Amino acid sequence: MSENQNLLAEQRRALIVDEVRRRGGVRVNELTRKLGVSDMTVRRDLDALARQGVLEKVHGGAVPVVEASTHEPGFEAKSGLELTAKEDIARAAAELVAPGSAIALSGGTTTYALAQHLLDVPDLTVVTNSVRVADVFHAAQRTSGQRQGAATVVLTGGVRTPSDSLVGPVADQAIASLHFDLLFLGVHGISLEAGLSTPNLAEAETNRRLVQSARRVVVVADHTKWGTVGLSSFAKLDQVDTWVTDTGLPEEARAEVSDHVRQLVVAGEPEAADRDADEAPDDDAES
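What you see is a predicted model, and the numbers here were worked out from it, not measured in a lab.

What counts and how
- Residues numbered from 1 in each chain as written.
- Predicted model: local features only at pLDDT ≥ 70, side-chain atom pairs only at ≥ 80, totals over all residues.
- Heavy atoms only, no water.
- pLDDT = per-residue confidence, 0-100.
- Contact = heavy atoms within 4.5 Å.
- Core = buried A, V, L, I, M, F, W, Y, C linked by side-chain atoms within 4.5 Å.
- Buried < 20%, exposed > 50% of the residue type's maximum accessible area, 1.4 Å probe, protein only.
- Helix = DSSP H or I, 4+ residues; strand = E, 2+ residues; numbered from the N terminus.
- Patch = residues over 30% accessible without salt bridge, like charges linked within 9 Å, V, L, I, M, F, W, Y side chains within 5 Å.
- Areas by Shrake-Rupley, 256 points an atom, 1.4 Å probe, with all protein chains shown as cover.
- Salt bridge = Lys/Arg side-chain N within 4 Å of Asp/Glu carboxyl O.
- Lys, Arg positive; Asp, Glu negative; His and termini not counted.
- Charge placed at Lys NZ, Arg CZ, Asp CG, Glu CD.
- Pairing = 2+ DSSP bridges.
- Axes fitted to C-alpha atoms, helices over the stretch in contact; angles between N-to-C directions.
- Expected span 1.5 Å × (residues − 1).

(A) Molecular detail of the confidence of the model for the protein chain. Per-residue pLDDT for the protein chain has a mean of 84; in total, 84% of the residues score no lower than 70. The low-confidence segment residues 1–6, where pLDDT is below 50, has eight contacts with residues more than four positions distant or belonging to other chains. Between residues 272–281, whose pLDDT stays under 50, and residues either more than four places distant or in other chains, the model counts 16 contacts.

(B) Structural detail: the nonpolar core. Membership of the largest hydrophobic core comes to 28 residues, with the highest contact counts inside it found for Leu 105, Leu 118 and Phe 184. Those elements giving two or more residues to this core turn out to be helix H6 (83–94), strand S4 (102–105), helix H7 (109–117), helix H8 (131–144), strand S9 (182–185), strand S12 (217–220) and strand S15 (263–267). Once residues within four sequence positions are removed from consideration, Phe 184 is found in contact with Ala 93, Leu 96, Val 97, Ala 104, Leu 105, Ser 106, Thr 111, Leu 114, Val 218 and Val 220. Listed in part, the 27 residues of the second largest apolar core include Ile 190, Val 211, Phe 234 and Trp 243.

(C) Spotlight on unusual backbone geometry. Phi is positive for Asp 123, which is not a glycine, with a value near 60 degrees. Position of Asp 123 among the secondary structure elements: in the loop between H7 and strand S5 (125–128). The class of Asp 123 is partly exposed, set by a relative accessible area of 49%.

(D) Representation of a negative patch on the surface within the structure. Taken together, the side chains of Glu 193, Glu 252, Glu 256 and Asp 259 present a region of like negative charge at the surface. By the element assignment, Glu 252 lies in helix H11 (residues 251–258). Taking the relative accessible area as the measure of exposure, Glu 252 reaches 55% and is therefore exposed.

(E) View of the sheet that holds strand S1 (residues 26–27). Across the sheet, three strands lie side by side as S1-S3-S2; this open sheet has antiparallel pairing. Among the strands making up the open sheet, the edge pair consists of S1 and strand S2 (55–58). As paired elements, S2 and strand S3 (residues 61–64) share four bridges and run antiparallel to each other. Within S3, the residue paired with Glu 56 across the bridge is Val 63. Lying over the sheet, helix H4 (residues 39–52) contacts S2 and S3, oriented at roughly 130 degrees with respect to S2.

(F) Focus on the sheet that holds strand S11 (residues 195–198). Read from one edge to the other, the open sheet built from three strands follows the order S10-S11-S13, with strand pairing classed as antiparallel. For this open sheet the edge positions go to strand S10 (189–191) and strand S13 (232–235), each flanked by a neighbour on one side alone. Averaged over neighbouring strand pairs, the angle between their axes works out to 35 degrees when direction is ignored. Where S10 meets S11, three bridges bridge the pair, whose relative direction is antiparallel. Paired with Gly 189 across the strands is Ser 197, a residue of S11. Sheet strands touched by helix H10 (residues 201–212): S11 and S13. Its angle to S13, the strand with the most contacts, is close to 5 degrees.

(G) Structural detail: H6. Compared with an ideal rise of 1.5 Å per residue, which puts 12 residues at 16 Å, H6 spans 16 Å between its outermost C-alpha atoms and is within 8% of the ideal. Considered for burial, the residues of H6 that qualify are Ala 85, Lys 86, Ile 89, Ala 90, Ala 92, Ala 93 and Ala 94.

Below you can see the structure in the form of C-alpha cells.
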C-alpha cells in the first residue's frame, strides 16, 4: 500500500489507462483499492486523462474512448502519455545508431524523445518530417554553438498535421530522392491485420515513402499502440526490421509479433526477444 501511495501521477495514470483498456471500464472505488490512494486523487487522475482524450468519465468510474479510425490526437495530447515507456524506448533505440549514419525520424512523441538521446552521437545526418524533432537539434545548436560533429538536419517541407508532422507531395518528393541507413518510425497503431496505420491519409503516403527509402526500418512504439488501427495502413509487419517497445507489451502479443518482425526489442528488460533467420541455431536434422 505504501509503495502505491508513492507512485508518481504519471505512473498512476498509466496504470489506470491500462486497467480501463484491459477490462473495458473500471469504477472509482476499485481504483482506490488497487492504487492505495483517495477517491479525490483517483477523480483528479480521471479528470486529467479525460482532458487528454484517452478515456471517458462516466458515473462512478471510466470507460475507454471509442475513437473513429480518422481521429488524430494532437502532439500536446499525446506528449503526456506513457512518458516512462517512451523514455525507455528512446534510450534503447538510440543504441542502434552508429556515428556517421544517415537516419530518418518520422513525426511523433516517441521519435521526439529519441531525438534528445541522439544529440551526442557524432556526425549524423538526420532527415525528418517532424517540426518538433528538428527543433530538438536546432535548439541544441543554439545553446552549445556549432560544435564539431553536430548533426546535419534536413527538414522536409509539406503540410503540417495535428501531430506537427510535415506531409503531402512536397515531403513525399523530398523523401523519395533520399536513402537512409535507419528509419525510426513512430506509429498511431500496429496490429497483425492492419500492420502500421495512421488516421491521416496524407501522412500514410509520406510514411510509405520513408519506409521505401530506408535500408532498415525501426518502429518505436509503446505497448498501447498494439491493436490500434487507424484509417490508412502504410506498411505490413513483415516490412519492419525492428520494433522497440516497452515491458507493457503482453507475452501473447510478443509471440505474435515475433512471427513477423525480425527483431523485437523490449526496452527495460535485460535481453531482447529476437527472431533473426541468419542467427537461428542450426538444426541437426537435415531434410
